[in-house]
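Here is how the chains run, residue by residue.
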Protein chains: 2
Amino acid sequence: MSFLTNKKLLIVGAGGAIGSTMAQLAAVKKLSSNICLYDPYLQGLEGVYEEMRHCGFDGINFEFTDNVEKAFTNASFIVSSGGAPRKEGMTREDLLKGNAQIAADFGDNVKKYCPNCEHIVVIFNPADITGLVVLVKSGLKPNQVTTLAGLDTTRLQSELAKYFNIPQYEVTGCATLGGHGEKMVPVTSDVKIQGKPLSSMNIPADKFAEIRLKTVQGGSNIIKLRGRSSNLSPAYVSIEMIEAAMGGKKFTLPAGCFVKDGMYGYKNVCMAMQSTIDANGVSYTQANLTAEEKAELDASYEHLCKMRDEVIGMGVLPAVADWSKYNKNL
Amino acid sequence: MSFLTNKKLLIVGAGGAIGSTMAQLAAVKKLSSNICLYDPYLQGLEGVYEEMRHCGFDGINFEFTDNVEKAFTNASFIVSSGGAPRKEGMTREDLLKGNAQIAADFGDNVKKYCPNCEHIVVIFNPADITGLVVLVKSGLKPNQVTTLAGLDTTRLQSELAKYFNIPQYEVTGCATLGGHGEKMVPVTSDVKIQGKPLSSMNIPADKFAEIRLKTVQGGSNIIKLRGRSSNLSPAYVSIEMIEAAMGGKKFTLPAGCFVKDGMYGYKNVCMAMQSTIDANGVSYTQANLTAEEKAELDASYEHLCKMRDEVIGMGVLPAVADWSKYNKNL
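Quick look at the structure, then.

Rules of the game
- Residues numbered from 1 in each chain as written.
- Chains lettered and ligands numbered in written order.
- Predicted model: local features only at pLDDT ≥ 70, side-chain atom pairs only at ≥ 80, totals over all residues.
- Heavy atoms only, no water.
- Helix = DSSP H or I, 4+ residues; strand = E, 2+ residues; numbered from the N terminus.
- Buried < 20%, exposed > 50% of the residue type's maximum accessible area, 1.4 Å probe, protein only.
- Pairing = 2+ DSSP bridges.
- Least-squares fit on C-alpha atoms with pLDDT ≥ 70 in both.
- Contact = heavy atoms within 4.5 Å.
- Buried area = accessible area lost by both parts, 1.4 Å probe.
- Salt bridge = Lys/Arg side-chain N within 4 Å of Asp/Glu carboxyl O.
- Polar contact = N/O pair within 3.5 Å; in protein donor to acceptor, adjacent residues only side chain to side chain.
- Nonpolar A, V, L, I, M, F, W, Y, C, P; charged D, E, K, R; others polar.

Considerations on unusual backbone geometry
The omega angle of the peptide bond from Asn125 of chain A to Pro126 of chain A is -10 degrees, so this bond is cis rather than trans. Along the chain, Pro126 of chain A turns up in the loop between strand 5 (119-122) and helix 5 (127-138). The phi angle at Asn165 of chain B is positive, at roughly 55 degrees, despite the residue not being glycine. Take Asn165 of chain B: its relative accessible area is 70%, and that puts it in the exposed class.

The following block contains the structure:
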């Protein structure tokens, strides 16, 4: 019974398919001895809580609640799957309005009930926007809020492995940057196929376009195949992210994070960067981009700015110039 | 990347809620580098396979198939969630007919394609019967086939902990024996509450009856709360069982296993026993029973014999006298 921390881990949306999987994975990985399950849908949540008890985990105290104050008070780490689910045919952008408001309320709750929270992983879509809204509203530092973007990278890795008909883990160095949406940018400069640079493998352009399309459509493909949104993979990768923030194994897939310092000339968005999450939170570096990739990343950034401004226009997010009034770290 | 084994782990029913959770837990716990996902429902199965790829597990080769021969060939360890699901209001016994036939086919496949299989965990209900049918048909040894029964025990532990308002893990020594159904027998002789014998705690009879009822109804309560059968807890506990059979952490909750040697005067059934699973398979000992518990266990045994004979009457399972023709280990 040794846990990574005894501090409170809060799973928001724990009544749902992703959140319940997160709760179980956090327990199996012994992230915390103190796991709080929150969901406004109390009945389903109680079912998940009961299932966690039936697992018989040694040394873990679970609690469940639909009370926001009880849930957020003293939470040190938060993973949030809570948002309206994406349905077949919906783009991530369709979810914008409702989920941005949920994110705003979420950020307010953090500020009110757990301003000393150490790290938040936001995964509800469009995650680049919801993560940004949470950051602005919560008052936390930019290195303390990340969004799920790593699945785009593992999907790229998976599709490349299929193309070369090799084990997936023999494809290394994948990174998919920018927005977690249709404008994501697969960055291939550091990709190695069984140790050899991808650039030396001469994938025909039409084949690479196919790989890229399958990467982008990885999430919607799950909906087609399973008849529902993915739950296993987003839960797994986001739990790996919070594990890293708790001081466990470093997380080196790209994470969505706030870009403030003008790297690439970008600022005031959340987007997937070449990043590392560890006990100090998230940090990022400049990726090795081709001219074409840079142009794509510029386009992805522009798209994110547009979405951000749309949410500002909706009144859910304050104007950029006012952010520092809400969050002195911005 | 160190795995408990590189031998093939087969997850039967991996397209479903329980089986897909099993697949992920097996990967997270690094049970095997070689995990095969089988389900007759190929489309959903592919979705689960894709999700496993999107997790980006290092060093694990997943395959998925709806082909029985491909799935079972050379499988060393099998966990099977595959059966018709239990619906609200159905008893485990309602499932008897269909699932006994699925179990018979399963056993035949083991005999045909992986006679050297080391251990099988069967969890589809009524597990005492399906496990028995699998054992007889597969030709494996009795110590190589177990059925999921541990959830009854963790439910008893959970309900006792609620009653005493203490952390669940401070209740130790619970065991629920006999059939995994309404005639299960909570055995309390070795139960300790924060180190003190339960017998010294004087729970009023009506309160214990309540605890017992909640234990028995633990599974149907999940259906009521979540609107669907449990998936997280059966997947977790059964993966702990196969982990133990692979040589990992010993499994000491009761497992359903074949009783051949006349312990308590019982024979030729599968039922939950005070047992241990380790690399040698399952072994069991006589539990410390009160006279009342012994009478209940007798009744549970009789009920299991009746169900077994019903399945023999259906022609799905051979008559007991003929078992040795199918399985020389019986």
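Some details on the sheet that holds strand 11 (residues 196-197) of chain A
With antiparallel pairing, three strands are arranged side by side in an open sheet as 7-10-11 (chain A). Each end of this open sheet is capped by a strand with a single partner; those strands are strand 7 (171-172) and strand 11 of chain A.

Focus: the relation of the copies chain A and chain B
After a rotation of 180 degrees and a shift along the axis of 0.0 Å, chain A superposes on chain B with an RMSD of 0.0 Å. What the superposition gives is, in effect, a two-fold axis relating one chain to the other.

Points about the interface of chain A and chain B
The interface is formed by 50 residues belonging to chain A together with 50 residues belonging to chain B. For the pair chain A and chain B, the two sides together bury roughly 4000 Å², of which 53% comes from carbon and sulfur. The largest contributions to the chain A side of the interface with chain B come from Glu51, Arg53 and His54 of chain A, which together make up 19% of the buried area. Run the count over chain A and chain B and you get four salt bridges. Here Glu50 of chain B and Lys162 of chain A are joined by a salt bridge, their closest N and O atoms 2.5 Å apart. One can count 24 residue pairs in polar contact (both at pLDDT 80 or more) joining chain A with chain B. When contributions to the side of chain A that touches chain B are tallied by element, the ones reaching two or more residues are helix 1 (17-28), helix 2 (42-55), helix 6 (150-164), helix 8 (218-226) and helix 9 (232-245) of chain A. At 11 residues, the largest contribution of residues to the side of chain A that touches chain B is made by helix 2 of chain A. Here the side of chain A that touches chain B is composed, by residue class, of 18 nonpolar, 20 polar and 12 charged.

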